[in-house]
Amino acid sequence: MSWKQHKRDQQLLAQEKGYCRKAWGDKLTVCLAYPNAYRIGMANLGYQAVYSLLNDLPFCLCERVFFSPPGEGDAPRGKSPVSLESQKPLKEFDIIAFSIPFENDYPHVLALLAGAGISLQASLRKDFEPLVMAGGIAVTLNPEPLSSFIDLFLIGEAEEALPELAALYREALIQGPDRRELLFDVQRRVPGVYVPQLYSVSYRPDGTLEDVQPVDSSLPRKIRRRWEKDLSAFRTDQVISTPGSEFGDLFLAEVSRGCARGCRFCAAGFVYRPVRFRRKEALEPSFVRGIAEGKRIGLLGTAVSDHPQLADLCRCVLEGGGTFALSSLRMDRVSAEMAGLLRESGVETVALAPEAGTQRLRDVLNKGISEDHIFSALEHLVQQGIRQIRLYFMVGLPTETEADIEGLIRLTRKIRHQALQLSKGKKPFRRITLSVNQFIPKPFTPFQWHPLEEVKDVKKKLRRIKKALHNEGPVQVFHDLPKWNYIQTLLSLGDRRVGQILAEVHQLEGNWSQALKKVPLNPDFYVYRPKGLSEFLPWDFIDHGIDKAVLIREYRKALSEYP
Ligand code: SF4
């Protein structure tokens, strides 16, 4: 560890409020790793929740480490990483626990392990090396591409499962069985745990999967995800506040999980079901804390605007002397009252997600939003003085045609025109920011069988949208790089063999094009191939409580009912 890094870590800790530093003694030691920059990890409420969950266990100690890709503004930590709190090398911890919300961070997992001198392949890891585990939405959807490098995944929500797992692991460490015995025991006893080494994969001659089976009949055939019944029974809010976080001015509090709307592209909407809302009484202590820290309260959740007490929650923050921000707002939930509360809270920009430019395509997505909803929401917001709107659209959607791209352009122009008209005589409307992302098929959604649209075609569509809206005054267009969407799809839909590509990317220090050429595996097989409805998909051994027949029915409906 360099002196510069040590000094930087001290500065980071000095500006944090709420971090925990325990004496090591004989505690179970966990290093919670976020495979991206500090500022991004600290803005992730799931990451913070796990930190607090582990440190709340009297027999356990949890410290943090981050991977900061070069050029991201932080010092790179890939080499000899140490924990932030006590500057210990990762090798000295009992467990390295990764929290992984985004697939494109997988190479950083390998870089952190290698930098720490920990064997990359889980099967080659020695008894004295830390246990490497992972959780988070990306691996909860499909852990397979990372499965060669991880000893144990936790599938689903962590609140109950993680303390169970930690207690069992500590007990096992005291008794001292070998690594495989220990993993076997954990797999057998803790629901939601998935130890890839204890499951074997078979393939058909055409390269598709045949099955994923446990190596022993005493192990569960399917991995059942964990979920919490009553969100109000515990708190999920920010434990560490720091100006170094991407959302440094916010105090984050989770108000809901799951969504009943059933948009056909949305993995979070499906795998976090059933829909659960945290009651106002359970949220009030979080609001009080956040307001006392002088922060704006960030209300987070899968479908925040469907919270039955949303207006009450917002009022509660305002009456407590604070202000709030919402992570998302469905257009059919923007009432005059809601827009007024946003204005009172000083919100300047509101994000809305039509997702598609035509009603036909929104119906394909099952978005449940009409043009009336869009313009009614716009009217309420502009009437209340909101002067900036961010619009989320996707391109490359199933059944999309040129007419839908034209529809996206037309709808944006109409929104712009309407916003300018509505703001006449008031402070002028300032800006529409268009965020146009490529649709990426995700596991456990009705579109999981659908291929990604070819990168070259998406580039053409993006060029067309940017050109058409170039001279539209206050409209700005932003989009992802299509190349990274290809990689994300590969890592979202890939099976265990995709781990070979990840290992090669690591060897080649992040050079994806070289790695894709070198590994004898056709990435288009995962990305551009329409999957068969009867195919065994890489994640089909995970039970999220979603009936595959329902997904098939929804997919067929999307493709056939909206000509
Ligand atoms: S409303 Fe939002 S959270 Fe719910 S399913 Fe649709 S996109 Fe997902």
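Since the model is a prediction, treat every value here as computed from it, not as a measurement.

Please provide a residue-by-residue account of the sheet that holds strand 17 (residues 475-479), values included.
Across the sheet, which stays open at both edges, the four strands sit in the order 14-15-16-17 with parallel pairing between neighbours. Two strands close off the open sheet at either side, each with one partner strand: strand 14 (349-355) and strand 17. Sheet twist, expressed as the mean angle between neighbouring strand axes with direction ignored, is 20°. In this structure, strand 15 (residues 388-395) lies alongside strand 16 (residues 431-438), joined through eight bridges in parallel fashion. Across the sheet, tyrosine 392 pairs through a bridge with serine 435, a residue of strand 16.

Any details on the layout of surface pockets? Residues and values, ideally.
Estimated volume of the second largest pocket: approximately 210 Å³. As for the second largest pocket, its lining consists of Glu160, Pro191, Arg224, Arg225, Arg226, Trp227, Glu228, Lys229, Asp543, His544 and Gly545. Considering only residue class, the lining of the second largest pocket consists of two nonpolar, two polar and seven charged.

Kindly report on the domain arrangement of the protein, identifying the contributing residues and their values.
Parsing the protein into structural domains produces domain 1 (3-198 + 209-216) and domain 2 (348-563). Taking only C-alpha atoms, the centre of domain 1 and the centre of domain 2 are 31 Å apart. Facing 25 residues of domain 1, the contacting portion of domain 2 comprises 26 residues. Summing both sides of the interface, domain 1 and domain 2 together bury roughly 2200 Å²; the carbon and sulfur share of this comes to 65%. Viewed at the interface, domain 2 and domain 1 are joined by two salt bridges. The shortest N-O distance in the salt bridge between lysine 442 and glutamate 103 comes to 2.9 Å. On inspection of domain 1 and its partner domain 2, the count reaches eleven residue pairs in polar contact (both at pLDDT 80 or more). Counting residues per element, the ones that place at least two in the side of domain 1 that touches domain 2 are helix 4 (106-115), helix 5 (137-141) and strand 8 (209-214). Class assignment of the residues belonging to the side of domain 1 that touches domain 2 gives a composition of 16 nonpolar, five polar and four charged.

Hey, could you go over the sheet that holds strand 2 (residues 60-66) for me, with residue numbers and the actual values?
Taken in spatial order, the six strands make up an open sheet running 2-1-3-4-5-6, and their pairing is mixed. On the outer flanks of this sheet lie strand 2 and strand 6 (193-194), each paired with one strand and no other. Where strand 5 (residues 152-154) and strand 6 come together, two bridges link them in antiparallel fashion. Its bridge partner being in strand 6, phenylalanine 153 is matched across the sheet by tyrosine 194. In this fold helix 3 (residues 45-55) packs onto strand 1 (28-34), strand 2 and strand 3 (95-99), with an angle of close to 155° to the strand it touches most, strand 2.

Talk me through the packing of helix 6 (residues 161-175) against helix 7 (residues 179-189); I want residue IDs and the actual numbers.
Packed helix pairs are characterised by how far apart their axes lie and by the angle those axes make with each other. Helix 7 packs onto helix 6 with a crossing angle of 150° between their chain directions and a minimal axis gap of 11 Å. Judged by the angle between their axes, helix 6 and helix 7 are roughly antiparallel. Between helix 6 and helix 7 lies a crossing whose hand is right-handed. Contacts between helix 6 and helix 7 involve Leu165, Leu168, Tyr169 and Ala172 from the first element and Leu182, Asp185, Val186 and Arg189 from the second. Here the contact of helix 6 with helix 7 is composed, by residue class, of six nonpolar, no polar and two charged.

I'd like to hear about helix 1 (residues 3-14), residue by residue, with values.
Given a rise of 1.5 Å per residue, twelve residues ought to cover 16 Å, and the 16 Å separating the end C-alpha atoms of helix 1 matches this to within 8%. Of the surrounding secondary structure, the elements contacted by the buried residues of helix 1 are helix 2 (38-41) and strand 2.

Can you explain the packing of aromatic side chains? Please cite residues and give values.
Overall, the coordinates contain twelve aromatic pairs when judged by the stated rule. Judged by centre distance (5.6 Å) and plane angle (85°), the rings of phenylalanine 439 and phenylalanine 447 are edge-to-face. Residue class for phenylalanine 447 comes out buried when judged on its relative accessible area of 0%. When the centroid spacing of 5.2 Å and the interplanar angle of 90° are considered together, the rings of phenylalanine 525 and tyrosine 526 count as edge-to-face. Looking at tyrosine 526, the relative accessible area reads 3%, which means it is buried. A connected cluster of aromatic rings, assembled from ring pairs, spans Tyr34, Tyr38, Tyr47 and Phe66. Taking the ring centre of tyrosine 51 as reference, the NZ or CZ of arginine 64 above it sits at 5.1 Å.

Can you explain a positive patch on the surface? Please cite residues and give values.
On the surface, a cluster of positive charge is contributed by Lys459, Lys460, Arg463 and Lys466. In this structure, lysine 460 sits in helix 15 (residues 455-468).

Talk me through the environment of threonine 323; I want residue IDs and the actual numbers.
As for its position among the elements, threonine 323 is in the loop between helix 10 (310-319) and strand 13 (324-326). What makes threonine 323 partly exposed here is its relative accessible area of 26%. As a C-alpha pair, threonine 323 and isoleucine 297 span 26 residues in sequence and 6.2 Å in three-dimensional space. Ignoring anything within four residues of it in the chain, the contact list for threonine 323 reads Arg296, Ile297, Val317, Leu318 and Ser345.

Rules used throughout
Residues numbered from 1 in each chain as written. Predicted model: local features only at pLDDT ≥ 70, side-chain atom pairs only at ≥ 80, totals over all residues. Heavy atoms only, no water. Pairing = 2+ DSSP bridges. Helix = DSSP H or I, 4+ residues; strand = E, 2+ residues; numbered from the N terminus. Axes fitted to C-alpha atoms, helices over the stretch in contact; angles between N-to-C directions. 1 Å grid on protein atoms, 1.4 Å probe; cavity = no way out; pocket = protein on both sides within 12 Å on 5 of 7 lines; lining within 4 Å. Points joined across faces, edges and corners; volume = space filled by probe spheres on them. Nonpolar A, V, L, I, M, F, W, Y, C, P; charged D, E, K, R; others polar. Domains from an automatic or database assignment. Contact = heavy atoms within 4.5 Å. Buried area = accessible area lost by both parts, 1.4 Å probe. Salt bridge = Lys/Arg side-chain N within 4 Å of Asp/Glu carboxyl O. Polar contact = N/O pair within 3.5 Å; in protein donor to acceptor, adjacent residues only side chain to side chain. Parallel < 35°, antiparallel > 145°, perpendicular 65-115°, else oblique. Left-handed = near helix turned anticlockwise from the far one by under 90°. Expected span 1.5 Å × (residues − 1). Phe/Tyr/Trp six-rings, centres within 6.5 Å; stacked < 30°, edge-to-face > 60°. Buried < 20%, exposed > 50% of the residue type's maximum accessible area, 1.4 Å probe, protein only. Lys NZ or Arg CZ within 6 Å of the ring centre and 35° of its normal. Patch = residues over 30% accessible without salt bridge, like charges linked within 9 Å, V, L, I, M, F, W, Y side chains within 5 Å. Areas by Shrake-Rupley, 256 points an atom, 1.4 Å probe, with all protein chains shown as cover. Lys, Arg positive; Asp, Glu negative; His and termini not counted. Charge placed at Lys NZ, Arg CZ, Asp CG, Glu CD.

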